[in-house]
Amino acid sequence: MRSQESEGWSSLVLLTGMLLCVTWAISSARWIGGLSIIQWVTVGAIIAGFLLAKSFFPGPVAHLLSTVYGLAWITYLVGTLFSSYLTWREKMLEQIMRVIIWGHQVISGGQSGDPLIFVLFISGLLWVISYVAVWCVFRSHRIWWAILPAGLTLLINLYYGPPDLSGYLVGYLFCALLLIICTYLYTQERHWRDKHVHYEPYIRFDFLRYGVLVAILLLLTAWQLPGMQSSSEQLSLTVSRFDEAWSRVQESWSRLFASLRYQGRGSPTFFGKRMTLGGPVKLRDVPVFEGQTLGRYWLATVFDEYTGQGWINNDSNVAYLKAYDEFPVASFAMRQEVTQTVRMLISDNTVLFGAPHPVRVNIPAKLYFIQAPPPVPAAGAPTTVAYPSMFNSRLPLKRDAVYQIVSSISLADEESLRRAGDDYPEWIRERYLQLPSELPDRVRTLAETITAGQNNAYDKASAIEAFLRTIPYNENIEAPPEGQDGVDYFLFDVREGYCDYYASAMAVMARAVGIPARVANGYTLGEYQQDRQTFLVRERHAHAWAEIYFPRYGWVEFEPTASEPTIIRPRLSTAGSQTSSTEDANRLGQEEEDRDLLGEAGEDYPTSPYVSAQRENQWLKYIRWGEVILLIGAAAVGSIAWLRRQRGMLGLSPVERIYERMVAYAPWLGCPYSPHQTPYEYAAILSQTLPAGREQVHTITRMYVLEKFARRPGDSEIARRAWQEIHPLLLRYVLRRMVTTHL
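The rules behind the values
- Residues numbered from 1 in each chain as written.
- Predicted model: local features only at pLDDT ≥ 70, side-chain atom pairs only at ≥ 80, totals over all residues.
- Heavy atoms only, no water.
- Helix = DSSP H or I, 4+ residues; strand = E, 2+ residues; numbered from the N terminus.
- Buried < 20%, exposed > 50% of the residue type's maximum accessible area, 1.4 Å probe, protein only.
- Pairing = 2+ DSSP bridges.
- Axes fitted to C-alpha atoms, helices over the stretch in contact; angles between N-to-C directions.
- Parallel < 35°, antiparallel > 145°, perpendicular 65-115°, else oblique.
- Left-handed = near helix turned anticlockwise from the far one by under 90°.
- Contact = heavy atoms within 4.5 Å.
- Nonpolar A, V, L, I, M, F, W, Y, C, P; charged D, E, K, R; others polar.

Trainee: Honestly, unusual backbone geometry in this entry has me stumped. Any pointers?
Mentor: Peptide bonds are trans in most cases, and residues, glycine excluded, mostly fall at negative phi. With an omega dihedral of 5°, the bond running from Pro356 to His357 counts as a cis peptide bond. Inspection of the secondary structure puts His357 in the loop between strand S8 (349-351) and strand S9 (358-361). The backbone of Met334 shows a phi angle near 55°, a positive value even though the residue is not glycine. For Met334, the location among the structural elements is in the loop between strand S6 (317-321) and strand S7 (335-344). Even without being glycine, Arg552 reaches a positive phi, approximately 75°. Turning to its location among the elements, Arg552 is positioned in the loop between strand S16 (542-550) and strand S17 (554-558). Its relative accessible area of 49% is what places Arg552 among the partly exposed residues.

Trainee: Just to check I follow, could you spell out the sheet that holds strand S14 (residues 527-529) for this structure?
Mentor: In any sheet, the strands associate via hydrogen bonds between backbone groups, in a parallel or an antiparallel arrangement. Ordered in space as S9-S12-S7-S2-S15-S14, the six strands form an open sheet in which the pairing is antiparallel. A strand with exactly one partner marks an edge of an open sheet, and here the two such strands are S9 and S14. Neighbour to neighbour, the strand axes of the sheet diverge by 30° on average, direction disregarded.

Trainee: Sorry, what's going on with the packing of helix H1 (residues 9-28) against helix H2 (residues 38-53) here?
Mentor: Packed helices, taken two at a time, are described by their axes: the angle between them and the distance between them. As a packed pair, H1 and H2 sit with axes 9 Å apart at the nearest point and diverge in direction by 155°. The orientation of H1 relative to H2 falls into the category roughly antiparallel. Regarding H1 and H2, the two cross each other, and that crossing is right-handed. Mapping the contact onto sequence places Trp9, Leu12, Thr16, Leu19, Leu20, Thr23, Trp24, Ile26 and Ser27 in H1 and Ile38, Gln39, Thr42, Val43, Ile46 and Phe50 in H2. Taken together, the residues of the contact of H1 with H2 sort by class into ten nonpolar, five polar and no charged.

Trainee: Would you mind showing me how to read the environment of Ala45 here?
Mentor: With respect to the secondary-structure elements, Ala45 resides in helix H2. For the pair Ala45 and Val128, spaced 83 residues apart in sequence, the C-alpha to C-alpha distance is 7.7 Å. Those residues in contact with Ala45, other than ones at most four positions away along the chain, are Trp127, Ser130 and Tyr131.

Trainee: Explain the sheet that holds strand S1 (residues 274-276) to me, please; I cannot follow it from the model alone.
Mentor: Taken in spatial order, the three strands line up as S1-S5-S4 in an open sheet, and their pairing is antiparallel. Each end of this open sheet is capped by a strand with a single partner; those strands are S1 and strand S4 (305-306). The sheet contact formed by S1 and strand S5 (residues 310-312) spans three bridges and is antiparallel. Note on S5: the bridge partner recorded for Thr276 is Gly310. Contacts from helix H16 (residues 499-512) reach S1, S4 and S5, with the element oriented near 70° to S5.

Structure follows, in structure tokens:
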């Protein structure tokens, strides 16, 4: 082992604090039980990394030893989570077996709900990140390799975790900034030693002291920065084409770690191309958006394939649309187009919400769809049209962003749906009657029993809907056991659940009796605000429901969830008058839209009631920018002055450096130093101003004169003790003088 810690123990302390901020943030997110052990994983990795970095082992050998240590330490810590009745050999074999089963799920494309796998994964990830960070600081001296992986992990956790974790980010940034300063100082010290430049050992303390001030100033500045739009909209639109890869990563993550508690489940980031039947959910009261609509729901996406553990949207066709682009979508009977105005209350959202089913939007959008024949072929009409399943904005929408989306809502009455028949297109049968071969027979039998005696698809679907509404609602159920079908688990084992399970059960049972069905998710209407004539949608309004396909009428919503009100459909006698009333009601509260939205111009839309709020917010942004400019200016002036002073002191002896620091206080004391004064003359003036420090002032001056003019070395230790005694006096006098001057 090396006997001296050249990088400084402060670097180790800061690095430990930085890594623990990441670890505690993950643990505090409460993704799953058992994460209390990960802080000890991080501590173990830091100790092992430090010892190996300071050893004489070459890199490959040290990394191999770290792997062995990590496996042993993680296996031990995870073993403490098992029952005490198991032997350590049984605990180890249990871990190995569950990892093998999980690996099989990865390869086969299945879904895993084993909570132990996530604990093992996070433990291994933190071991690698922590070990690499310590190695890069104390062996290879590559500071950014220590900071960036940990920071990326923290940001991902913050992005998908609950909103009360920002304190860990502040702690991480504070430690990281100081660590950068310490590493820079270490590099400079090596350079000074190589060049035989004399410097004071206590300069490290000065660097850390000023580094703390700079770090705090930078954090305060960053906190004040307003959200900024992309400098190039065209660049952002181009980059949006490459987010498919990240979407696939999210879907794979949900598939392989299905038992996680997604506490931010209701946020727009949750709505992707996969829905997992998982464990308990905790929906917050956070506002997401507000809008005007005549629909029953706010749709985010729909799913076509049931896997037994959840749903997948298989629409591979993507259209990149400009604002107001008309796209050839399927048209059905007894539908009315309505325009909805939506204002986002969160930032960086891309999911576009509208009543089922959206057909166009007034901002650049990305449309997922399937290409298929039209519902009713006609001469001269296209042979294929689009059936949309999801609209996403091509630019992240900031808070207070407003868009308008046009939806085609169903006005079909009960009698029309009963007479719709079962002449389903072949592609509808293939796609929306799909069920996994492993679906338990008792699910099919139950569906057939419930629908016995009904002679049309609408009444069969209604019977299934009514049956499911008798099952108690519960958001705190555990995830289905490994390998068990989610709908089967809901219907026969747990006999309670939340909307994902209700909607899935209805779609699966409808398919089991030959009715094309699918699951949709998004939000319920939300809370109606009479004064604004809008619906306020919160995260807790996240919802899933079932949709049934009817020839000529398309997809129609059903509500099987017991906690939600039933859907009241128009009857035959009132269906004809519904269209005109819908047109009148759709004009309610719609005013002229902000033409500057995303810089696009287009057809005339009525103005949104949110424009004045947006313009008021512009003034707030200008004020915040003024604060930011003042902060940055103050930081720049202070930093330049400090750097110039530090640069001017390079090459000075310890006694000269102390004397220069004392003279630097002259302007603040009201007795500025003049070039014609001798050191002793200035010392006399300074002593009169600061009588309590007379002895220390003369001691420092005597050492300086002896070294500067007598060419004899001054006693740096005596000068340092004198400075340590007078420095607090100088600070107190300066502060007292500033207060007295301004009062």
